[in-house]
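Architecture and fold: a report
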Amino acid sequence: MADEIALLSTWPSMFGMRVRVALAEKGLKYEYREEDLRNKSPLLLLMNPVHKKIPVLIHNGKPISESMIIVEYIDEVWNHKSPLLPTDPFQRAQARFWADYVDKKLYDTAKKIIWSTKGEEQETGKKEFIECLKLLEGELGDDPYFGGENFGFVDVSLVTFSCWFHTFESYGNFSIETECPKLVAWTKRCLEKESVSSSLADPHKIHDFASGVRKRLGIE
């Protein structure tokens, strides 16, 4: 019996895009269901009753929530190709650490750049965001990917932020390539992969989306 796989998400979500990248890396076919977060579907509320958030992966009727938990689940269940987590326990722990850093630190600083109504808070967010990127760039070093020679778990966690880079730069008035050239080169390397390029949203559409949300919130 073939696996039944469905993904509940929204097209601009960097978290939903992570799951799409992981599914594409494994060569899996799935049903995609676009959610309206202002009018959440009964299916989303049923499948994620605790947080009521996207993304949610539904595998043979069973829901899995939280993007990197989903990515790890995909890697464990479909372990026949393109492993995302290393086999060594220490390296696996390190990969989880940096993916957690992206979630807890980078995302919070990025939000200040786009959604803040105060110039001082936005400037603080920009400074912290650049510091986070520089730290991640240092962790990447001279390797092609965060997973060394192979595209892996940390790459999946971070690369989906790249389609938001144009928006961060636009509202923060800075250049990520100037600040972190190796990280931008890594982004371009990742985008050469079909699994990434086919899963990420268009940066200009992301900017238009963010602008619409800002207008709705009265920020611009």
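Residues numbered from 1 in each chain as written. Predicted model: local features only at pLDDT ≥ 70, side-chain atom pairs only at ≥ 80, totals over all residues. Heavy atoms only, no water.

1. Digging into the packing of aromatic side chains
All told, the structure shown has eleven aromatic pairs when counted by the stated rule. Taking 5.7 Å as the distance between ring centres and 70° as the angle between the ring planes, the aromatic pair formed by Trp 11 and Phe 209 counts as edge-to-face. Placement of the pair is Trp 11 in the loop between strand S1 (5-9) and helix H1 (14-25) and Phe 209 in helix H11 (residues 203-217), with a sequence separation of 198 residues. Feature note: the residues Trp 11, Phe 129, Trp 164, Phe 168, Phe 174 and Phe 209 constitute an aromatic cluster, connected by ring pairs. Between the NZ or CZ atom of Arg 20 and the centre of the ring of Tyr 32, over which it lies, the distance is 4.4 Å. For Arg 214, the ring lying beneath its charged end belongs to Tyr 171, and the centroid distance is 3.9 Å. (Phe/Tyr/Trp six-rings, centres within 6.5 Å; stacked < 30°, edge-to-face > 60°. Helix = DSSP H or I, 4+ residues; strand = E, 2+ residues; numbered from the N terminus. Lys NZ or Arg CZ within 6 Å of the ring centre and 35° of its normal.)

2. Quick look at the sheet that holds strand S4 (residues 62-65)
Across the sheet, four strands lie side by side as S2-S1-S3-S4; this open sheet has mixed pairing. In this open sheet, the two edge strands, each paired with only one partner strand, are strand S2 (31-34) and S4. Neighbouring strand axes in the sheet, compared pairwise and without regard to direction, differ in orientation by 20° on average. Against the sheet, H1 engages S1, S2 and strand S3 (56-59), with an angle of about 155° to S1. (Pairing = 2+ DSSP bridges. Axes fitted to C-alpha atoms, helices over the stretch in contact; angles between N-to-C directions. Contact = heavy atoms within 4.5 Å.)

3. Here's the deal with the pattern of salt bridges
Tallied over the entire structure, the rule returns twelve salt bridges. For the salt bridge of Glu 123 with Lys 126, the shortest nitrogen-to-oxygen distance reads 3.5 Å. With Glu 123 and Lys 126 both in helix H5 (residues 119-140), this residue pair falls three residues apart, about one helical turn. (Salt bridge = Lys/Arg side-chain N within 4 Å of Asp/Glu carboxyl O.)

4. Considerations on the nonpolar core
Within soluble globular proteins, side chains that are nonpolar tend to cluster in buried spots. Membership of the largest hydrophobic core comes to 59 residues, with the highest contact counts inside it found for Ile 74, Leu 106, Phe 129, Leu 158, Trp 164, Phe 168 and Trp 186. Tallying contributions element by element places helix H4 (residues 89-115) first for this core, with nine residues. When sequence neighbours within four positions are dropped, the list of residues in contact with Ile 74 reads Val 19, Ala 22, Leu 23, Lys 26, Leu 28 and Leu 57. Of all hydrophobic cores here, the second largest spans seven residues; its members include Leu 8, Met 47, Ile 54 and Val 56. (Core = buried A, V, L, I, M, F, W, Y, C linked by side-chain atoms within 4.5 Å. Buried < 20%, exposed > 50% of the residue type's maximum accessible area, 1.4 Å probe, protein only.)

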